[in-house]
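The chain contents come next:
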Amino acid sequence: MSSEKTELLKSFGTNMAIILVVSNIIGSGVFKKVAPMSEGLLSPNLVILAWVLAGIITLFGVLSIAEVGTMFPHSGGAYSWLEQMYGQKISFFYGWSCFTVIQSATIASIAFVFAGALNTFVPLPQFSDEISQIAIGPLRPFENIGAKIASILLIVFLSVVNARGAKNAGILSQIFTWIIVICIIGIIIFGLTSSVGAFQNISNVSAQYPPADFSRFHGLGFFMVMVIAMRNAFWGYEGWISLGYIGAEIQHPEKSIPKALISGILIVIGIYVCINFTYLYVMPLDELLAKVNADENNIAAVVVVDKLFGNGGAYIVSAMILISTFGCTNATVLTASRIYYAMAQKKLFFPKAAILDPVRKTPVNSLIYQCIWASILVLSGSFDMLTDLLIFAAFIFYGITVYGVIVLRKKKAHLDRPYKVIGYPIVPMIFVIFCVILVVVSFLETPLQSLIGICLILSGLPFYLKWSKSKAVAESQSMQ
């Protein structure tokens, strides 16, 4: 049982923490989301505005959680913070939601995008149409089987890498993050200096502008369309809260956590705004949409790079997607596994998840549970729905967590705060209000997916009742 008493190693300094923030965020959204955002807004300037606004809102969230991150630099991040803010029950449902959909679905979805990019270079095997169409309820587990197997193999491989040592996994993220950032900067420089693009492309709206949805909901159409566009951008920014999950493994957390969070998100905002500006500078919006919509497998970044470099665009962007999704999946596997480790330590998850490897001091069993469930989600094939679900569920808890900064200012005013959120209480309240707006708009726009998200959150209730009862009995016996 000694392995249960070991502690996680403090493996990450400030620079590595910044790398982990960036690598947790930059995945597939930077290459794909400009298309649905453009289709909804039909204006290059509005698309850029949506990326900027989503970045600012995310920055407000980062500024807020940096305060609690330095107060409670524990494994599990928001799971641990929510227990301090509201008690055991709310923190459990957050952790359970991360396991059932928020983090596991992120791993599954990004790994599947990796497999799609791999298919560009190595054609993946497929079953016959008869087998592919076999359905189990709404799911088709045998459809696109080659990509699903590749996704699962990636998840298994990265889980093994992380089980063998957090520092090695961090170095892996560092290598892949530097590569993808340099590649993106290269496209930005080449695109903005190329004779192919023009500033006129940025100022010209679509021939279909304004979108019909602008007139919906009694004049609130523009507002709702912008929020939906920002929801797409938030998939690109997803992962901004993940550094808190490894708070116990960060050296000098009182200084490193705020610096890494703020520096990391500012780097990502700069990259996202510049690369999306480049897409729309190189290719007029209507031409971009026509190219993307010509084939459901087309990716916005591919058609833009094709215009810049010729027909090699698919290979260039696919290689970049391989790099970014590999790094993002690795960083998410690393950080998210700490949530379930922290839950199990509190006796509110499968007990074996609390056991660390006695030599490497990694949460190996937590990584195994996460690997199994993420692989099951891959086989479900419901990737588009999963990304919608995870954003909906995540922003419920993001709003609750950031509001908890205000709760703790009153509830635990005596505690030392190595870092205090800038612009308190306005900055956290703006973030909370936007979370409420996003959840409401998402529910109105996609009520079925939203209800499924709520059901997944509440699916933890029987587990909570079982584990909390066992925990209470154990605590009662230990006091006797």
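Details of the structure are given in the entry above.
Everything numeric here is computed off the predicted structure, so don't read it as measured data.

### Topic: the overall build of the protein chain
Working step 1: Along the protein chain, the regular secondary structure elements total 20 helices and zero strands.
Working step 2: In terms of overall dimensions, the protein chain is globule-like: its C-alpha atoms have a radius of gyration of 22 Å, near the 23 Å expected for 480 residues.
Working step 3: Principal axes of the C-alpha set define a box for the protein chain whose edges measure 75 × 55 × 40 Å.
Working step 4: Scored against the burial criterion, the 480 residues of the protein chain give a buried share of 58%.
Working step 5: A sequence separation of at least 24 residues applies to 81% of the contacts in the protein chain between residues at least 6 apart.
Working step 6: For the protein chain, the accessible surface area stands at approximately 19,600 Å², while carbon and sulfur atoms represent 66% of it.

### Things to note about empty space enclosed by the protein
Working step 1: One pass over the full model with this rule turns up four cavities of 30 Å³ or more.
Working step 2: Every element with two or more residues in the lining of the largest cavity is listed here: α1 (14–25), α6 (88–121) and α11 (221–237).
Working step 3: Of the residues in the lining of the largest cavity, the class split is five nonpolar, six polar and one charged.

### Digging into unusual backbone geometry
Working step 1: Going from Tyr-209 to Pro-210, the amide bond is cis rather than trans, its omega being 0°.
Working step 2: Position of Pro-210 among the secondary structure elements: in the loop between α10 (199–203) and α11.
Working step 3: The omega torsion across Tyr-424 and Pro-425 is 0°, close enough to zero to call that bond cis.
Working step 4: Take Pro-425: it is sitting in the loop between α17 (383–411) and α18 (426–445).
Working step 5: Its identity as a non-glycine residue notwithstanding, Leu-42 has a phi of 60°, on the positive side.

### Some thoughts on the packing of aromatic side chains
Working step 1: Summed over all chains, the structure comprises 37 aromatic pairs.
Working step 2: Aromatic side chains Trp-51 and Tyr-272 sit 5.3 Å apart centroid to centroid with 75° between the ring planes, which places their arrangement in the edge-to-face category. You can see Trp-51 sitting in helix α4 (residues 44–71) and its partner Tyr-272 sitting in helix α12 (residues 253–282), a full 221 residues away along the chain.
Working step 3: For Trp-51, a relative accessible area of 0% gives the class buried.
Working step 4: Pairing Phe-93 with Tyr-464 gives two aromatic rings, centres 6.0 Å apart and planes at 35°, and the pair type is tilted.

### A closer look at helix α5 (residues 78–86)
Working step 1: Considered for burial, the residues of α5 that qualify are Ala-78, Tyr-79, Ser-80, Trp-81, Leu-82 and Met-85.
Working step 2: Downstream of α5 by a residue or two, Gly-87 has a phi angle that is positive, lying close to 110°.

### Digging into the side chain of Thr-278
Working step 1: Within the secondary structure, Thr-278 is located in helix α12.
Working step 2: Accessibility expressed as a relative area gives 1% for Thr-278, which makes it buried.
Working step 3: Discounting residues that sit within four places of it in the chain, Thr-278 has contacts with Ile-187, Ile-188, Gly-191 and Leu-192.

### Some points on α1
Working step 1: Here α1 contains 12 residues, and its C-alpha end-to-end distance of 17 Å stays within 8% of the 16 Å for a straight helix at 1.5 Å per residue.
Working step 2: Of all 12 residues in α1, 10 are buried, a share of seventy percent or more.
Working step 3: Where α1 is concerned, the buried positions are Met-16, Ala-17, Ile-18, Ile-19, Leu-20, Val-21, Val-22, Ser-23, Asn-24 and Ile-25.
Working step 4: Elements that come into contact with the buried residues of α1 comprise α9 (166–193), α11, α12 and α15 (313–345).

The rules behind each value
Residues numbered from 1 in each chain as written. Predicted model: local features only at pLDDT ≥ 70, side-chain atom pairs only at ≥ 80, totals over all residues. Heavy atoms only, no water. Helix = DSSP H or I, 4+ residues; strand = E, 2+ residues; numbered from the N terminus. Rg over C-alpha atoms; globule rule 2.2 N^0.38 Å. Buried < 20%, exposed > 50% of the residue type's maximum accessible area, 1.4 Å probe, protein only. Contact = heavy atoms within 4.5 Å. Areas by Shrake-Rupley, 256 points an atom, 1.4 Å probe, with all protein chains shown as cover. 1 Å grid on protein atoms, 1.4 Å probe; cavity = no way out; pocket = protein on both sides within 12 Å on 5 of 7 lines; lining within 4 Å. Points joined across faces, edges and corners; volume = space filled by probe spheres on them. Nonpolar A, V, L, I, M, F, W, Y, C, P; charged D, E, K, R; others polar. Phe/Tyr/Trp six-rings, centres within 6.5 Å; stacked < 30°, edge-to-face > 60°. Expected span 1.5 Å × (residues − 1).

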